[in-house]
Each structure stands twice: as C-alpha cells, then as structure tokens.
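Analysis of the macromolecular model
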Amino acid sequence: MAVTGCTQCIKYMLFFFNFIFWLAGGVILGVALWLRHDSQTSNLLILQFEGNQAPGTFYISVYILIAVGAVMMLVGFLGCYGAIQESQCLLGTFFFFLVILFACEVAAAIWGFMNRDTISKELINFYDSAYIKAVDVSGSPSKDSAIKVLDVFHTTLDCCGKGDDTALFKQVASALCPKKSPEDFLTSQSCHDKLIELFSEKLYLIGLAALVVAVIMIFEMIFTMVLCCGIRNSPVY
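Every chain is numbered independently, its residues counted from 1 as its sequence is written. Reporting of local features is limited, given that this is a predicted model, to residues whose pLDDT is at least 70; pairs of side-chain atoms are given and counted only at 80 or more, and all residues count toward the totals for whole chains, interfaces and linings. With hydrogens and water set aside, each side-chain value is computed from the structure's full complement of heavy atoms.

Now for helix α5 (residues 118-134). Helix length check: α5 (17 residues) gives 24 Å between terminal C-alpha atoms against 24 Å at 1.5 Å per residue, within 8%. Taken as a whole, α5 has its buried residues at Ile 119, Ser 120, Leu 123, Ile 124, Phe 126, Tyr 127, Asp 128, Ala 130, Tyr 131 and Ala 134. Numbering goes from the N terminus for both helices and strands, where a helix is a DSSP run of H or I of at least four residues and a strand is a run of E of at least two. Under the convention used throughout, the expected extent of a helix is 1.5 Å for every residue step, that is, one less than its residue count. Throughout this description, buried means an accessible area under 20% of the type-specific maximum (1.4 Å probe, protein chains only), exposed means over 50%, and partly exposed covers the range between.

Shown next, in the form of structure tokens:
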C-alpha cells in the first residue's frame, strides 16, 4: 500500500512537521535544563533563611518543562516513523498522544497565565522577610543570616533595597550593599523590580516557545487525519 498524489505530499509534510516537532522538543528540553542551572535563579532558589527554603514554584515549572520536552521528542519520533511507514496504527497512536499533549499545554498555559506573578511574589516575600531582620536594630539572632541572604540577592541581581527604603535602611545600606557607592544608591534598581524583571523575561521565553509548539501541533493533527484517510482509501497492490 502506498499513497500517491496530494496524499503523498501530505505524508512528507507531516514528516517535516514531525521533525520540527522533535527538534522543538529538544529545544524545550535544552531551555528547561538551562533554566534549571541558570546561575541567577540557582543562586536565589538555593537560599535558606530561618529554616525555610526559598520558594521552589519556579523549579516545579522547570521540571514539568523537562518532562514535556522529553515526551515531545518521543512523540515526534513516533510521528516521523508512522508517516514514513504509512502505518495507521502508529499514526493513530501519535494522534492520541498529540491530543493529550495539546490539552496539557492549553491547561498549563491557563494555569501559567493565572499564576504568572506567583514566582516573583514568593521570592519578593522571601526577600522582605530577610530584609526586615537585616535592618533590625535590636540585634535579633537571625540578623547575620539575614544579611547573608540579602548579600546573595544584591550580588546576583545587582540591586539594593526594596525601592521604598526607610531612613534606617539607608544608614546600614553601605553594610548590606558593600559594592555600591553612595552615588549608586541614587540610581540603583530595587530588588523587587529586578525579581519581577528576571522571571518575566523567562516566562515570556517559555510562553513564546509554547505558542510555536501549539501551532505546529495543530498542523500535525490536521495532516495526520488527512494522511490516515488517504492510507485507508489508497488501493492495495
């Protein structure tokens, strides 16, 4: 059994889109691994203060991306092989997994849109809890560890303070931000703004990749159905 004419063209187009899908899975896997080991996020998310670990919501999202990238590579290979072999069974299995992946991607996009500010807000709250202890003049036991936590934030993000810093903070700013000169304090960006900017950029990258993959998946589902119908209706020799 072999397809001819327009159906054969659809066959090779499906193979091409599946190859792109497989490459996209590899790219997503690579980006996820980069996000997992990125020095900026890693330095912040390994912090501990008063027995509490820095919020790990971002890492959960990254681990999901790693799994999605690996599954996409597997499904892409299945689609390529099914298209070349003109196997309705393989193409049907591929279509089934493709629909599941598409549904998961839509659900993840909705969840991500509704919780787009959660990661930065959690880290801002973590920063603020250390900030309060660091400027405490009563000399709390956790003041030294708070100063160390702030130092990691300030060094990693090249920032200083919250943006609405009190006169008390300005008195101790030279100790909390030793790499900043008095002139730098006037132009230095707040750590709140830096955290929002850091994760907004990464979420934008993830969202753009998801949009491209969703478009590819829609074309693949259409081509898979057309090819299956073509294989079923093609003459047997």
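On we go from here.
In this description, a disulfide is simply a cysteine sulfur pair whose atoms lie within 2.5 Å. Taken as a whole and judged by the stated rule, the model has one disulfide. The disulfide that involves Cys 159 links it to Cys 191, with 2.0 Å between the sulfurs. The disulfide joining Cys 159 to Cys 191 has a torsion of about 90° about its S-S bond and is therefore right-handed. Separated by 32 residues along the polypeptide, Cys 159 in the loop between α6 (143-157) and α7 (167-176) and Cys 191 in helix α9 (residues 191-233) bring together distant segments of the chain. Cys 228 forms no disulfide, and the closest cysteine sulfur to it belongs to Cys 229, at a distance of 7.0 Å.

A few words now on the packing of α5 against α6. As a rule, the C-alpha atoms of each element are fitted with a line to give its axis, helices using only the stretch in contact, and angles between N-to-C directions run from 0 to 180 degrees. Between α5 and α6, whose axes approach to 8 Å, the crossing angle comes to 135°. Considering their axes alone, α5 and α6 lie oblique with respect to each other. Where α5 crosses over α6, the handedness of that crossing is left-handed. Residues Leu 123, Phe 126, Tyr 127, Ala 130, Tyr 131, Lys 133 and Ala 134 of α5 form the contact with α6, whose own contacting residues are Lys 143, Ala 146, Ile 147, Val 149, Leu 150, Phe 153 and His 154. Looking at the contact of α5 with α6, its residues break down into eleven nonpolar, one polar and two charged. With respect to orientation, any angle under 35 degrees is reported as roughly parallel, any angle over 145 as roughly antiparallel, any angle of 65 to 115 as roughly perpendicular, and every other angle as oblique. Crossings are classed by handedness, with left-handed meaning an anticlockwise turn of the near helix from the far one by less than a right angle and right-handed meaning a clockwise turn. By definition in these notes, contact holds between two residues if any of their heavy atoms fall within 4.5 Å. For this classification, Asp, Glu, Lys and Arg are treated as charged, while Ala, Val, Leu, Ile, Met, Phe, Trp, Tyr, Cys and Pro are nonpolar and the rest, including Gly, are polar.

Side-chain atoms within 4.5 Å link the members of a nonpolar core, which is a set of buried Ala, Val, Leu, Ile, Met, Phe, Trp, Tyr and Cys residues. Judged by nonpolar contacts, the single largest core of 52 residues is most densely connected at Phe 21, Phe 153 and Leu 195. Counting only elements with at least two residues in this core, the list comes to α1 (5-37), α3 (57-85), α4 (88-114), α5, α6 and α9. It is α9 that provides the largest number of residues to this core, a total of twelve residues. Residues within four places of Phe 21 in sequence aside, it is in contact with Met 72, Val 75, Gly 76, Leu 98, Leu 101, Val 213, Ile 216, Met 217 and Glu 220.

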